[in-house]
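Letter by letter, the chains look like this.
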Amino acid sequence: MGADHSSKIVGTVWGLLILNTLGSAGAQTIVPLPRSLIQMVTMGALVAAFTLALAVNLELRIRPSAYVSLLTLLLVTSVLSSANLGSGFGALFRCARLALFVGTLWLLSRWWDGGLAFVRHHIRMYFAVLGSVAAGLVVSPGAALPDLYGGRLVGALWPLTPPQIGQYAAVIIGLTVLLVLGRRTDRTSAAVVIVPSVVLLALTHTRTATLGLLLGLALAIGSLILTSAAARRFFAWAVLCAAVAAVAFSSALQAWFLRGQSQENFSNLTGRAKVWDALLAAPRTTWQQLFGMGMGDKSFGGLPIDNSWLAVYHEQGLIGIALVAASIIVLGGVALLRPPSLPRACAIFLISYCAIASYTETGLGDASPYLLHLALAASLLAAPAAATPLSTPEAPLRRISQWTRKSEVS
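Caption draft 1: Inspection of the overall build of the protein at higher detail. Within the protein, the regular secondary structure consists of 17 helices and two strands. Evaluated residue by residue, the protein yields a buried proportion of 50% over its 410 residues. Considering only contacts within the protein whose residues lie at least 6 apart along the sequence, 77% involve residues at least 24 apart. Carbon together with sulfur atoms contributes 69% to the accessible area of the protein, which is approximately 17,900 Å² in total.

Take a look at the structure:
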């Protein structure tokens, strides 16, 4: 199979994985979509992704990956915790979904070589998702900025919540900024992605995504300062602009950050702290403490947990927490040991973003965008293939932005 054909299939598989993790619950759409239909589309995308990945890698050639190995152990833990059906048959369905997800990552690991091909796939697909959000905003502003969410931007064509949209926008903004600093795309092409994404992020009023973007970029750019003059200039200008904005627009920034909430409501994290306290106070057997209650919908007492670590503790126990923590520590440790480079900076951004977002978002214990972000980081940190490299997918030539014309350099 030719490299170009493999590239298209691998890019399609990555896009299908992203489609699967968009979820089936969210805001009311302009045209009501039955949840069963949405679940059929997302699960069908995962089955298609696994099938295509298997078709393009029939030899089952995989590369060693500590990250995917830890995900495999997390899958085993999830099966053990769900086997007693304490969380119902839905728990086994979620385990099967995670198994297909992890299996697809193993099949794709064949092409993980420290290059930027998967970064481009990531940006393209999430840019397309944000395009649907922008289209919904244009078609029906009332549906896209509903009172139910306090006027925050939601998906009016596909049910996406403000935190989801904020996450997608923040991730592609950060990755695109790093591509500009690494001279892998021109500024005009990058602006096509960054400017609308910043607008959408602002309309979501998502604090977690904004903080993750700023702190993740600071760490990623900091890793390039010693070797990149462009990174040093960007960092200096960013600090200057941030200082000016903090002084000139302090009241507006504070109002945006508080989202009209009282100081008390803000201090208990919009009610999250009450759910967290109740979850930690709930009685558990030794088995439940170690392995959790089984895969669920990331809620406790009918309310969302909104914390990856507590969600993992609730569903996969202390062992699950240890495995998730180990995956982030391993990726972070490998990133610190790598010499300064653009792929390393992108990986640092993704790892940092996921670690920051884990405090108020769930997703580190189940098939989710966060696990895909970390898988992308793992692909960026993989050592280049040896003497007879496996065919590495190059991004197909398309006109979303001109970075697709740039050559891949590890």
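Caption draft 2: Spatial organisation of unusual backbone geometry. The phi torsion at R183 lies on the positive side, around 60°, for a residue other than glycine. Position of R183 relative to the elements: it lies in the loop between α7 (162-181) and α8 (187-204). A positive phi angle is found at D306, which is not glycine, with a value near 55°. Mapped onto the secondary structure, D306 falls in the loop between β2 (303-304) and α15 (308-337). Note on D306: relative accessible area 21%, which makes it partly exposed.

Caption draft 3: Spatial organisation of the packing of aromatic side chains. Here the structure, examined in full by the defined rule, presents five aromatic pairs. Ring geometry for W276 against Y359: centres 5.4 Å apart, planes inclined by 70°, an arrangement best described as edge-to-face. One end of the pair, W276, is in helix α13 (residues 272-281); the other, Y359, is in the loop between α16 (342-357) and α17 (369-381), and 83 residues separate them in sequence. Overall, the relative accessible area of 9% leaves W276 in the buried class. Seen in terms of ring centroids, F349 and Y353 are 6.3 Å apart; in terms of plane orientation they differ by 40°. Their pairing is tilted. Of this pair, F349 and Y353 are both found in helix α16, four residues apart, which corresponds to roughly one turn of the helix. With respect to burial, F349 and Y353 carry one shared label: buried.

Caption draft 4: Fine view of empty space enclosed by the protein. What the rule picks out here adds up to two cavities of 30 Å³ or more. If you add up the space inside the largest cavity, you get close to 40 Å³. Taken together, Y67, L71, V324, S327, I328, L364, L371 and L374 form the lining of the largest cavity. Every element with two or more residues in the lining of the largest cavity is listed here: α3 (66-82), α15 and α17. Counting residues per element, the lining of the largest cavity draws most heavily on α15, at three residues. Tallied by class, residues from the lining of the largest cavity come to seven nonpolar, one polar and no charged. P163, Q167, T206, T208, A209, Y353, A357, E361 and Y370 are the residues that line the second largest cavity. Every element with two or more residues in the lining of the second largest cavity is listed here: α7, α9 (207-222) and α16. When grouped by side-chain class, the residues that make up the lining of the second largest cavity number five nonpolar, three polar and one charged.

Caption draft 5: Summary view of the layout of surface pockets. One number sums up the size of the second largest pocket: a volume of about 1,400 Å³. Residue lining of the second largest pocket: 34 residues in total, with L213, L214, F234, A238 and A242 positioned closest to the centre. For the lining of the second largest pocket, the secondary-structure elements that each account for two or more residues are α7, α8, α9, α10 (229-248) and α11 (250-258). If you tally residues by element for the lining of the second largest pocket, the top one is α10, at eleven residues.

Caption draft 6: Structural view of α16. With 16 residues, α16 ought to run about 22 Å at 1.5 Å a step, and its terminal C-alpha atoms sit 23 Å apart, in line with that. Most of α16 sits inside the fold, with 14 of its 16 residues counted as buried. Measuring from the backbone nitrogen of R344 back to the side-chain oxygen at the start of α16 gives 3.3 Å, which picks out S341 as the cap.

Caption draft 7: Fine view of the environment of L157. One can find L157 in the loop between α6 (141-144) and α7. Separated by 124 residues in sequence, L157 and L33 place their C-alpha atoms 9.0 Å apart.

Caption draft 8: Here's a closer look at α15. The end-to-end C-alpha distance of α15, which contains 30 residues, comes to just 27 Å, noticeably less than the 44 Å that a straight helix rising 1.5 Å per residue would cover. Taken as a whole, α15 carries its principal kink of about 130° at Q316. For α15, the N-terminal cap is N307; the gap from its side-chain oxygen to the backbone nitrogen of W309 is 2.9 Å.

Caption draft 9: Layout of the side chain of S81. Positionally, S81 belongs in helix α3. A polar atom in the side chain of S81 sits 3.3 Å from the backbone oxygen of E315. When near neighbours in sequence (up to four residues on either side) are disregarded, S81 contacts F291, G292, M293, G294, M295 and E315.

Caption draft 10: Representation of the environment of T12 in the model. Relative to the elements of secondary structure, T12 occurs in helix α1 (residues 3-20). Judged by relative accessible area, which is 41%, T12 ranks as partly exposed. Separated by 113 residues in the primary sequence, T12 and M125 have C-alpha atoms spaced 9.4 Å apart. Only 2.8 Å separates the side chain of T12 from the backbone oxygen of K8, close enough to count as a polar contact.

The rules behind each value
Residues numbered from 1 in each chain as written. Predicted model: local features only at pLDDT ≥ 70, side-chain atom pairs only at ≥ 80, totals over all residues. Heavy atoms only, no water. Helix = DSSP H or I, 4+ residues; strand = E, 2+ residues; numbered from the N terminus. Buried < 20%, exposed > 50% of the residue type's maximum accessible area, 1.4 Å probe, protein only. Contact = heavy atoms within 4.5 Å. Areas by Shrake-Rupley, 256 points an atom, 1.4 Å probe, with all protein chains shown as cover. Phe/Tyr/Trp six-rings, centres within 6.5 Å; stacked < 30°, edge-to-face > 60°. 1 Å grid on protein atoms, 1.4 Å probe; cavity = no way out; pocket = protein on both sides within 12 Å on 5 of 7 lines; lining within 4 Å. Points joined across faces, edges and corners; volume = space filled by probe spheres on them. Nonpolar A, V, L, I, M, F, W, Y, C, P; charged D, E, K, R; others polar. Expected span 1.5 Å × (residues − 1). Polar contact = N/O pair within 3.5 Å; in protein donor to acceptor, adjacent residues only side chain to side chain. Bend = angle between axes of the 7 residues up to and from the residue.

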